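# Observations on the three-dimensional arrangement
Listed here are the chains, written in short residue letters.
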Amino acid sequence: MWSKIIKYLGFIIIISFSSLSVFFSLTERDIEDPSIKDKISYTTFFENRFFDFRMRQTLDPKKFDNKLVMADIDDYSLKELGQWPVGRQTWANVIDKLRIFGAKVIAFDVFFAENSMSCGETSVDDIMAQSIIDFQSIPGNKVILPYSLDTQGSDQFEELPDQLYNFVLDTKNSEGIELKPKRVSKAVWPIETLLNTDASLGHIQVEADSDGIMRHYQLVGNIDSLYMPSYALQAYTDYTGDSPVLEMLNIGDYKFKLATGNIELNYKGEANVRWFGNEQQFPRVSIADIVKAFPEDEKMKEIFNNTIVFVGASAYGAYDLRHTPVDPMLPGVYFHMNMTNMLINGNFYKPQQNSTFISWAILLGGSLIILLIQFFGNAILDIVSTIILIGGLYYIDTYHLIPRGYEVKLFFCFFSIICSYSWNTFLHFYLANKDKAFLKNAFGSYISPELIDEMYTSGQHPSLGGECGTRTAYFTDIQSFSSFSEKLSATQLVELLNEYLTAMTDILLEEKGTLDKYEGDAIIAFFGAPMPLEDHSTRALRVAVKMQRSLLELREKWTSEGDKWPQIVKEMRMRIGINTGEIVTGNMGSASRMNYTMMGDSVNLAARLEEAAKQYGIFTQTSNYTLDDCDKDLFLFRELDTILVVGKSEPVTTYEVLEMKETASELLIRLKEVFEKGLAHYKTQEWDKAIECFKESLELEYERFPLLKNKTNPSKVYIERCEEFKELPPQPNWDGVYTLTSK
């Protein structure tokens, strides 16, 4: 319950944070309070950087706008002209040449705020002014001079300069709705001589985004509730003759209506630049080459005819390099050229509400899709779906939405999708480890780690509190262990038991057996719970064979250690009893102290078989129930007896597990054949024939265990029993069942 609450609370937090981040990225530019702006600027940093990256993939380096030309103040020009700032006489020459070459608009990205020093009768300012007048004498031609708004630390005009009244934009606005007010700076206001030429004026104020990159262009400025065109907007209107209208009918709904379309503005009068390209997408001519060119230069006429010429600087010493989305060191004039290109070609962004709707749809829809897919519980499907969803959305946005003018806030959409996937994966991993830890705490002391992992992977968790099923019970006991304590010190006894139990337990766990408990030297275990095992009986028999082999190796090791161990240790034997049947397994005990164990008649029979093995002098005894359930082809058995054990009313046929069939010796195979032949005569009460067979098998018993000639073995037991029946025959209806008189 709590895990689900935490899971869905996490999703709510992720989606809410992403949604807020998208909202903040839309509003951050309009917020004036620095303390608030700093706190939410992370949103625009990530969104804008990611959008810049995607936008750059859509730029076509082969596109070229030959209507906008840059007259470049480059390092070559400064070297050739030998003057910085460039003199007004040189500008006059440039204007004159551009008039001859057919330029339509000259837009200076150069301030003319101070009068020039002149020694002659005619001022170079007057010469430049005359060149402007001559240029503008051609119908449709215009020169644009820049000025600035709100230059920090500079003096400002208290009232709107008279010259700007000629450039007031046509505005439609509701009462009380206006853009952020500005003031005209005196610091870079053009000199009177040039203003008198009737040149156009455009403000050139640019404010970088919070990450220092220039993306927003201030298209209009509010000065005393009168709206003035920017440098790029003035270039557009002078070139096209269009008279755009500024509409401000509702708060937050500010737009420019141009002949080429509508463009949205923010509260500061800014529009987001839709980039055409960098220096490679526009013609560029050095001003030194313009000055040196002959008036009849056809190449220059071809370049400049009917164009807007932007006069700007790329020279490193001009300090006019700007960090932009398309180039981290782009000459500032290209910022204006990209905006002018956007205005002329109508290459505007779609209304922000359209892009915002798509952003919300991707964020919420994508996150919901990830949540729905994760209900299938398939980790591969989860990650593949997430990758396909992210990749598909990226492709659609980059190559279909951005080229169509959509500005989707994709970063936090992806953030929500990826975090939703990651949160679910992390939570699943945490809960999986928690479940595994529970299983290890509950079962780690008596089943193998591999079995715990298999239990978890299969989803078949144990049913605690008691579960009935067909399983195999397994008992072992060291023969005559009480004698060991008389021969060994307590320390030696502990060392011996630890070595013995470690070896045997490792074999048990390797075959996915479950350790119930140790009782002194005895090992009590079972197979088939808590994790179901189809071959539990086969595994139990295989463990018995492996344990007997391991004990043989331990006896050889202890013998090789010389006098460290008494002879009784070097001759250690263990008995094993195995039975298959209905067994109840589960946590049993008190509420505060419990143990995962087994109960049932089948368990008791396994214990009786282990105890009864000593009466036959054998070391591994199992029942017909186990034989019927196991893969009999893997093992070499010999039928031992049909008995009634103490405390039981139903007879059981017992078998000795001799060896794995594939590794059984000829001796064991012969022993099985001869012994079972004698057993057949025994069941038909042919006592003499049975004794003859058992005497032959007795020799094979001695050959099998040479050191145990004086001990009991099955052949010896049957010889004695046949002799008894010869003297005192059984009842006529005797069924071959022998009743054990002791455990």
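Scroll up for the structure.
Residue numbers run consecutively from 1 along every chain, following the written order of its sequence. Note on the predicted model: pLDDT of at least 70 is required for a residue's local features to be given, and 80 or more for side-chain atom pairs to be given and counted; whole-chain, interface and lining totals, by contrast, use all residues. Side-chain figures throughout are based on the complete set of non-hydrogen atoms in the structure, without hydrogens or water.

### Here we look at the sheet that holds strand E13 (residues 284-286)
For clarity, the cut-off: A pair of strands counts as paired when DSSP detects no fewer than two bridges linking them. Secondary structure counts use DSSP, requiring at least four H or I residues in a row for a helix and at least two E residues in a row for a strand, with both numbered from the N terminus. Only C-alpha atoms enter the line fits that serve as axes; for helices the fit covers just the stretch in contact. Angles between N-to-C directions range over 0 to 180 degrees. Whether two residues are in contact is decided by their heavy atoms, any of which lying within 4.5 Å being enough.
Strand order in this open sheet of six strands is E5-E3-E2-E14-E1-E13, and the pairing throughout is parallel. In the strand order of this sheet, the two ends are held by strand E5 (200-203) and E13, each with one partner. Pairwise comparison of adjacent strand axes, ignoring direction, gives a mean angle of 25° for this sheet. Along the sheet, helix H5 (residues 124-136) makes contact with strand E2 (105-108), strand E3 (142-147) and E5, crossing E3 at roughly 130°. Most of the contacts of helix H7 (residues 231-240) go to E3, to which it runs at about 165°, and overall it touches E2, E3, E5 and strand E14 (308-313).

### Regarding the pattern of salt bridges
Rule in force here: Only one rule defines a salt bridge in this text: a Lys or Arg side-chain nitrogen within 4 Å of an Asp or Glu carboxyl oxygen. The rule is simple: take the accessible area with a 1.4 Å probe, protein chains only, and divide by the maximum for that residue type; under 20% is buried, over 50% is exposed, in between is partly exposed.
Applying the stated rule across the entire model yields 44 salt bridges. Between Asp209 and Arg215 there is a salt bridge, with its nearest N and O atoms 2.9 Å apart. Each member of the pair, Asp209 as well as Arg215, carries the same accessibility label: buried. Connected through salt bridges with shared partners, the residues Arg29, Arg49, Asp52, Asp209, Asp211, Arg215 and Glu270 form a single ionic network.

### Section: the packing of helix H16 (residues 490-510) against helix H17 (residues 536-560)
Rules: Angular relationships are summarised with four words: roughly parallel below 35 degrees, roughly antiparallel beyond 145, roughly perpendicular across 65 to 115, and oblique for the angles in between. Here is the rule for handedness: rotate from the far helix to the near one, and if that takes an anticlockwise turn smaller than a right angle the crossing is left-handed, while a clockwise turn gives right-handed.
One way to put it is that H16 packs onto H17 with a least axis distance of 10 Å and a crossing angle of 150°. On the basis of the axis angle, H16 is roughly antiparallel to H17. In the packing of H16 onto H17, the handedness of the crossing is right-handed. Seen from H16, the contacting residues are Leu496, Glu499, Tyr500, Ala503, Met504, Ile507, Leu508 and Glu510; seen from H17, they are Val543, Lys546, Met547, Ser550, Leu551, Leu554, Lys557 and Trp558.

### Description of the sheet that holds strand E11 (residues 261-265)
The strands that make up a sheet are held in pairs by hydrogen bonds between backbone atoms, and each pair lies either parallel or antiparallel. Reading across from one edge, E4-E9-E10-E11 is the order of the four strands in this open sheet, with mixed pairing throughout. Edge strands, defined here as strands with exactly one partner in the open sheet, are strand E4 (170-173) and E11. Strand-to-strand twist of the sheet, defined as the mean angle between neighbouring strand axes without regard to direction, takes the value 20°. Relative to strand E9 (residues 245-250), E4 is paired through four bridges, and the arrangement is parallel. For Lys172, the partnering residue across the bridge sits in E9 and is Glu247.

### Details of empty space enclosed by the protein
We apply this condition: Put plainly, a pocket is an open set of points on a 1 Å grid over the protein atoms alone with protein on both sides within 12 Å along at least five of seven lines, a cavity is a set where a 1.4 Å probe fits but cannot get out, and a lining residue has an atom within 4 Å of a point. Grid points are joined across faces, edges and corners, and a volume is the space filled by probe spheres set on the points. Under this grouping Gly is polar, as are all residues other than the nonpolar Ala, Val, Leu, Ile, Met, Phe, Trp, Tyr, Cys and Pro and the charged Asp, Glu, Lys and Arg.
Under the definition given, this model contains three cavities of 30 Å³ or more. Of the volumes computed, that of the largest cavity is approximately 60 Å³. Lining the largest cavity are Asn48, Phe51, Asp52, Met55, Arg215, Asn272, Val273, Trp275, Pro325, Tyr349 and Glu407. If one sorts the elements of the lining of the largest cavity by residue count, helix H2 (residues 34-58) sits on top with four residues. When grouped by side-chain class, the residues that make up the lining of the largest cavity number six nonpolar, two polar and three charged.

### Things to note about the side chain of Asp65
For clarity, the cut-off: Polar contacts, as counted here, are pairs of nitrogen or oxygen atoms within 3.5 Å of one another; within protein the pair requires one atom able to donate a hydrogen and one able to accept it, and residues that are adjacent in sequence qualify only if both atoms are side-chain atoms.
With respect to the helices, strands and loops of the structure, Asp65 is situated in the loop between H2 and strand E1 (68-73). A distance of 2.6 Å separates a polar atom in the side chain of Asp65 from a polar atom in the side chain of Asn341. Excluding residues within four positions of it along the chain, Asp65 makes contact with Phe276, Gln281, Phe282, Pro283, Asn341 and Asn345.

### So, unusual backbone geometry
Of the consecutive residues Ala529 and Pro530, the connecting peptide bond is found in the cis state with omega at 0°. You can see Pro530 is positioned in the loop between strand E19 (522-527) and H17. Of note, the phi angle at Ser225 is positive, near 65°, even though the residue is not glycine. In this fold, Ser225 is placed in the loop between strand E7 (220-223) and strand E8 (226-229). Assessed through its relative accessible area of 44%, Ser225 is described here as partly exposed.

### Focus: helix H19 (residues 601-616)
Formally: By this rule the span expected of a helix is its residue count minus one, scaled by 1.5 Å.
Under the 1.5 Å per step criterion, the end-to-end length of H19 is 23 Å for 16 residues, consistent within 8% with the ideal 22 Å. Every buried residue belonging to H19 is among Ser602, Val603, Leu605, Ala606, Ala607, Leu609, Glu610, Ala612, Ala613 and Tyr616, and all of these are buried.

### Notes on the pairing of strand E23 (residues 635-644)
Counted residue by residue, E23 has ten buried out of ten residues, so it is predominantly covered. Pairing of E23 with strand E24 (residues 652-660) involves eight bridges; the strand directions are antiparallel. Opposite Phe635, over in E24, you have Met660 as the bridge partner. Of the strand pairs in this sheet, E23 and strand E25 (residues 738-739) are connected by two bridges, and their pairing is parallel.

### Thoughts on the environment of Asp75
Looking at the element boundaries, Asp75 is found in helix H3 (residues 75-81). A relative accessible area of 49% places Asp75 in the partly exposed class. Sequence separation between Asp75 and Ser286 is 211 residues, and the spatial gap between their C-alpha atoms is 9.1 Å. Residue contacts for Asp75: discarding those within four places in its chain leaves Ala315 and Tyr316.

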